[in-house]
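Breakdown of the fold
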Amino acid sequence: TTPEGGKLYHQYGFLIGCQFVTLSEGAYMSDKPTTVACKPGSDQCRSPLWYSLPGPCPTKGLQQQDLKGNSETLDVSKGKDPECVRRMPGGRCRGGGPPTGAPDCTYSVEQAGEILLDELAGIEDYNEFWNTSYYKCQQDKMRGKVSGPCIRNREYDGELDRG
């Protein structure tokens, strides 16, 4: 959640968040406009969107040092004490009913399974991929197996990643 989130939650309840992300921060562009806060026709008009569904105690939890890539055992409740969870239950409606607009019932969720991004992209070992993929790409390029550019330390390039 953003630093201002706690103030918003206190005043309005656990609102669903939606904000556009600059292309220098995001790793994709939408094929349709996502914002009007841009120069008409510019790439920024198709910037990525970041949604936030606030769960229990959204202003606390994982610290940067707790993040370990895509881990199935990541405890997102770490750092959330019972008192905080009681005071800030989040916006997910209990019992699965439709949202009522009450501060603690701004969205509902239906389980549909899960998939890690690594699985979706075919990455078997995240650390190996992150630390060696650029070098492997360079080697494959020298052998003629890869024709496109190998990108290092960049998540998004407006020219190379058009889609």
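Attention in this report is confined to the structure presented alongside it.

Analysis parameters
Residues numbered from 1 in each chain as written. Predicted model: local features only at pLDDT ≥ 70, side-chain atom pairs only at ≥ 80, totals over all residues. Heavy atoms only, no water. Disulfide = S-S within 2.5 Å. Helix = DSSP H or I, 4+ residues; strand = E, 2+ residues; numbered from the N terminus. Buried < 20%, exposed > 50% of the residue type's maximum accessible area, 1.4 Å probe, protein only. Contact = heavy atoms within 4.5 Å. Expected span 1.5 Å × (residues − 1). Bend = angle between axes of the 7 residues up to and from the residue. Polar contact = N/O pair within 3.5 Å; in protein donor to acceptor, adjacent residues only side chain to side chain. Core = buried A, V, L, I, M, F, W, Y, C linked by side-chain atoms within 4.5 Å.

Things to note about the state of the cysteines
Taken as a whole and judged by the stated rule, the model has three disulfides. With its sulfur 1.7 Å from that of its partner, C57 forms a disulfide with C84. One quick way to see it: the torsion about the S-S bond of C57 and C84 is about 85°, and its sign makes the bridge right-handed. Remark: C84 occurs in helix 2 (residues 82-87) and C57 occurs in the loop between strand 2 (49-52) and helix 2; sequence separation between them is 27 residues. Here C57 matches C84 in class, with each residue buried.

Quick word on the environment of G17
Of note, G17 is situated in strand 1 (residues 17-20). Since its relative accessible area comes to 23%, G17 is described here as partly exposed. When residues no more than four places from it in sequence are discounted, the contact partners of G17 are W50, Y51 and S52.

Looking at helix 4 (residues 126-142)
Along its 17 residues, helix 4 runs 24 Å from first to last C-alpha, staying within 8% of the 24 Å computed at 1.5 Å per residue. Of all bends in helix 4, the biggest is about 55°, found at T132. If you check the start of helix 4, you find a side-chain oxygen 3.2 Å away from the backbone N of N127, and it comes from D125. After helix 4 finishes, the residue G144 shows a positive phi value of roughly 85°.

Concerning the nonpolar core
Core analysis: the biggest nonpolar cluster contains five residues, these being Y9, F14, C57, C84 and M88. In this structure, C57 is in contact with K80, C84, V85 and M88, ignoring residues within four places of it in sequence.

None of this, on its own, says anything about what the molecule does.
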